[in-house]
Amino acid sequence: MSEGIGASVRRKEDKRFITGKGKYTDDIRQENQAYAAFVRSPHAHAVVKSIDASEAEAMEGVVAVLNGHQLTEDGIGNIIAGWAITSKDGSGMNMGAWSALCTEKVRYVGDTIAIVIADTQEIARNAADAVMVDFDILPAEVNPEATLADGAPQIHDNAPNNQIYDWELGDEAATDAGLASAAHVTEMEIINNRLSPNPMEPRAAIAIFDEAEDHYTLYTTSQNPHVARLLLSAFYQVAPEHKLRVVAPDVGGGFGSKIYVYPEEIACLWASMKTNRSVKWTSTRSEAFLTDAHGRDHVTRAKMGFDANGKIVGFKVDTIANIGAYMSLFSSVTPTYLYATLLSGQYDMPAIHGNVRAVYTNTAPVDAYRGAGRPEATYLVERMMDTAALEMGVDPAELRRKNFIQSFPYQTQVIMNYDSGDFPGCMDKAQAAADVAGFAARKAESASRGKLRGIGYSSFIEACGIAPSAAVGSLGCGVGLWESAEVRVNPVGTIEILTGSHSHGQSHETTFAQLVNDRFGIPIDNVQIVHGDTDKVQFGMGTYGSRSGPVGMNAIVKALDKVEAKVKKIAAHVLEASEDDIVIEAGEVKIAGTDKKMAWHEVGLAAYTAHNLPEGMEPGLKEGAFFDPINFSFPSATLICEVEVDPDTGVTDILQFTTADDFGVIINPMVVEGQVHGGIAQGIGQAMLENVVYDDSGQLLTGSYMDYAMPRADDLPSFTIEHNNVPSPSNPLGLKGCGEAGAIGAPPAVINAICNAIGNNNLSMPATPSKVWAALQEVSTQQAAE
Amino acid sequence: MSELKYHKASNASEAASMISGTEDGKFLAGGQTLLPTMKAKLAAPSDLVDVSGASDMIGISISGNTVSIGAMTTHADVAGNPELNAVCPSICALAGNIGDPAVRHRGTIGGSVANNDPAADYPAALLALGATITTNNRDISADDFFVGMFETALEDGEIITKVSFDAPEKGAYAKFPNPASRYAMVGVFAAKSSGGARVAVTGAGSDGVFRQSDMEAALDGSWSPDSVSDVSVSADNLLSDIHGDAAYRANLVKVMAARAVANA
């Protein structure tokens, strides 16, 4: 069986994961290991008047209790957002200081005040409870609209009215003119609900200080260990970059929440030096709910105008993005350049204006979560499309078709230049697979059983493969977003691929090896993928934004190109042929059209013995490459959800869920479908189940699975996945990325379907049974009135 | 920080004597509520007297129509008992739908009843079945036993040894699970016996499990789903939370009651 591009090879990494042999951060044990626990704020907003650690310090087994003043004295820097957003008046961001351990004030429940180091985890936690903090409690604000009002509690001194920036994209005058000319304007207020990321493995860190070498090692749950090292050294000044090794071993899911360096990792690394002990911390699930960066949380008012033929003439969007108490690493870019740049969706829109105000509240920091900005844009655009179709009395699929972009490249009004796609083709395939033609009969059959059946669409596009470095640099990004790779051919012909991408569920050990098999015909078992260790891999930007395929894999391809060229040179020299006549097939290096050949391993051996190399050639067979994309990649899809609602209880059953995706070239269809399944599950979770709720005083009401509803297997249908792939012209492999697609596309399809079923368009996420039932009561009240 | 002392009782009377000398001892049954509560530092007993292995508190006996279930019988054992299923399938079905398999293999009927969680399933069954809760000291009728949210008629140091009831002519439990916890958001047990219909509601009441007497009267008139659907259910004294308000719960009480009657 082929193991190359397009083969559904089983995952190499599954043996260790399924047999419980994965090695996660918490599995690592060090001699001289101590445990950390954190003293956290029980209040959403309070002045820290004093910290009394005397009782905790006196407890047997306590090594140290360290606070923010000591951290500041040691010159540890504040946590930053890595992307500068400029307000429309030209001013910079009002970024408040975020110290890993608070000194003056706490700003959300869970905020870190002190770190306790002790001989056991139990002692550390008990001692943390024994640290007495005297607070002066301040009024708190959790609502993103109310926090902007005069008189709202001031959360950071340098952010008046708690506003971080007031940013815009697009042409407001042209958009207003378009709306003024419209035959119909659809107007909506849309709330995108706040989510908790919930990776299966909670965050963890083990910091090791080597006093003799002044060297630090940090094992941690990171999606991007090199970025973590850069932040910890250059920005947070915990350790110099050349004296700091960051290792992200097996990581059990991230969904964005493990991109960032959090206070706990900084504090553990610093504390390992202060105490000269290895310091280990593993988050409890309760801490994860409180402190892992949340996702989404937008309030948006929007208007979309249509001409008499149903063509969009203008789209105006005003969004408030809740950033939480502090600006996390990608918090500034997620609701701006990852959001408003996708407001054109799959549609030809002549005028768009997006305005975004980012605000502080007394809640956990909000940052990128699977999809990051693009789900918010998609939910908005696709709810607007279904609502407009309803208001204008046209078929929602036809309204979409009428507005689909048909030719590429297509320059949107909001920066993005779509390089490829086939939007009508995805719609055709999705409609056929979902048997839309038979929906009316199915709806009648449901009605005969007293049930309400509905159908909903979502046609989405996202920008993946983040991103061309110069382009993002011009927009305020603090780093380049290329990826690196190194291909090492050993003397026996086996291969190691070192990559800056990081796998925390994405199957890189399998799919990256498939690239090598496809190129050289070497079995994937002879290919080892090395990642997640700054001592092994030179540099890398990590995995998020569906970038490991379109960026990471293309870096590997560039390195493979160089290896191939050198292999051909060596073989041509040894076989006494022209380089142009050498072909590599099925693990053999041949002169085309002859039986003269070298086995693959013979070339490797020749490279390392260096007994007979072309004149001037360096020994060895190892090549590296950096790949910087020329454009984003643009996966797209149409998703169709069909639901049945029980009017007695408001319970929604998803009966069918169909998606027809354009992912460009696919390396491993099975892996891609797994990603799509997981993404849709998270999208359905957002649409029907998940919601982070704070009470008015800033206490988290959904702090455990007793109240935070995670999707379970029996909440989900089987999925039908169709492919309508158009290779991306923007990268050598033609990849577009698939990791976030389902989470981006699914929510509006679900909500549109439920609204269609119940005959009430006034429904917000999550559409829980109680909300759907209440929406149904509105309908009956209305009908009774009429 | 004082150390927790653990005692393992082999029978009910030993358990009672073990706890009598403790400062703030608690009985440990299946531990499905108490242990998480202790982990969250919301409870810190001085002693735990583990009664899960008390031999005289385990097992199911059936005599004619009368069912007796030892307090330390697990949910899984109730769910999977064929003799019990023959006389009272509704209690087996209820037990088989509590929590998840791990909970069902540790959690016990006595533990559940003694805790009287307002969203637990068993209290509705015992109330609707007119069960008797037997302790080391006395027999208590279910009507007297469930006092309020997490409150029972149990005295300090008193331990439930068994519950018993007569299998009803008809009976069923319909549960609407909370989308997050899957505890009952509303659970209704409806039973028809020679003494009349009894309808008990869990999950919804702000004082814990309660009997819906209007529905009982309606069912005494005519045992049919429509009888309960026609009863007006007030939202007063029902719980409101982020998962559903009192009006929604009031609706669910009717819907679940009708489904229970239909399935009985």
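Conventions used here
Residues numbered from 1 in each chain as written. Chains lettered and ligands numbered in written order. Predicted model: local features only at pLDDT ≥ 70, side-chain atom pairs only at ≥ 80, totals over all residues. Pairing = 2+ DSSP bridges. Helix = DSSP H or I, 4+ residues; strand = E, 2+ residues; numbered from the N terminus. Axes fitted to C-alpha atoms, helices over the stretch in contact; angles between N-to-C directions. Contact = placed C-beta atoms within 7 Å. Nonpolar A, V, L, I, M, F, W, Y, C, P; charged D, E, K, R; others polar. Domains from an automatic or database assignment.

S.K.: Any chance you could explain the sheet that holds strand β22 (residues 582–585) of chain A here in plain terms?
M.R.: Whenever strands of a sheet pair, they do so through backbone hydrogen bonds, lying parallel or antiparallel. All names here are of chain A. The sheet built from three strands is open, its strands ordered β22-β23-β24 with antiparallel pairing. Looking along the sheet, the strands with just one partner apiece sit at the ends: β22 and β24 (597–599). The sheet shows a mean angle of 20° between the axes of neighbouring strands, taken without regard to direction. Here four bridges tie β22 to strand β23 (residues 588–591), and the two strands are oriented antiparallel to one another. Bridge assignment links V583 to a residue of β23, and that residue is K590.

S.K.: What is the right way to look at the interface of chain A and chain B in this model?
M.R.: How big an interface is tends to be stated in terms of the accessible area lost upon association of its parts. Tallying the contact residues gives 16 residues for chain A and 13 residues for chain B. Counting residues per element, the side of chain A that touches chain B draws most heavily on helix α19 (residues 769–785) of chain A, which supplies four residues. Taken together, the residues that form the side of chain A that touches chain B break down as 10 nonpolar, four polar and two charged.

S.K.: Is there a simple way to think about unusual backbone geometry in this case?
M.R.: Among all residues except glycine, the phi angle is most often negative; among peptide bonds, the trans geometry is most common. The omega angle of the peptide bond from A:F408 to A:P409 is 0°, so this bond is cis rather than trans. Along the chain, A:P409 turns up in the loop between α10 (396–403) and β16 (410–411). Here the residue pair A:I466 and A:A467 is connected by a cis peptide bond, since its omega of -5° sits within 30 degrees of zero. Considering the arrangement of structural elements, one finds A:A467 in the loop between β18 (452–461) and α13 (469–474). The phi dihedral of A:Q237 falls on the positive side, at around 60°, and the residue is not glycine. One non-glycine residue, B:K41, lies in the positive phi region at around 60°. Locating B:K41 in the fold gives a position in the loop between α2 (34–39) and β3 (47–50).

S.K.: Please clarify how the domain arrangement of chain A should be interpreted in this entry.
M.R.: Residue and element names in this part refer to chain A. Segmenting chain A into domains produces domain 1 (14–138 + 200–253 + 258–291), domain 2 (373–379 + 394–462 + 633–785) and domain 3 (482–627). For domain 2 and domain 3, the distance between their C-alpha centres works out to 40 Å. On the side of domain 3, 12 residues touch domain 2, which itself brings 14 residues to the contact.

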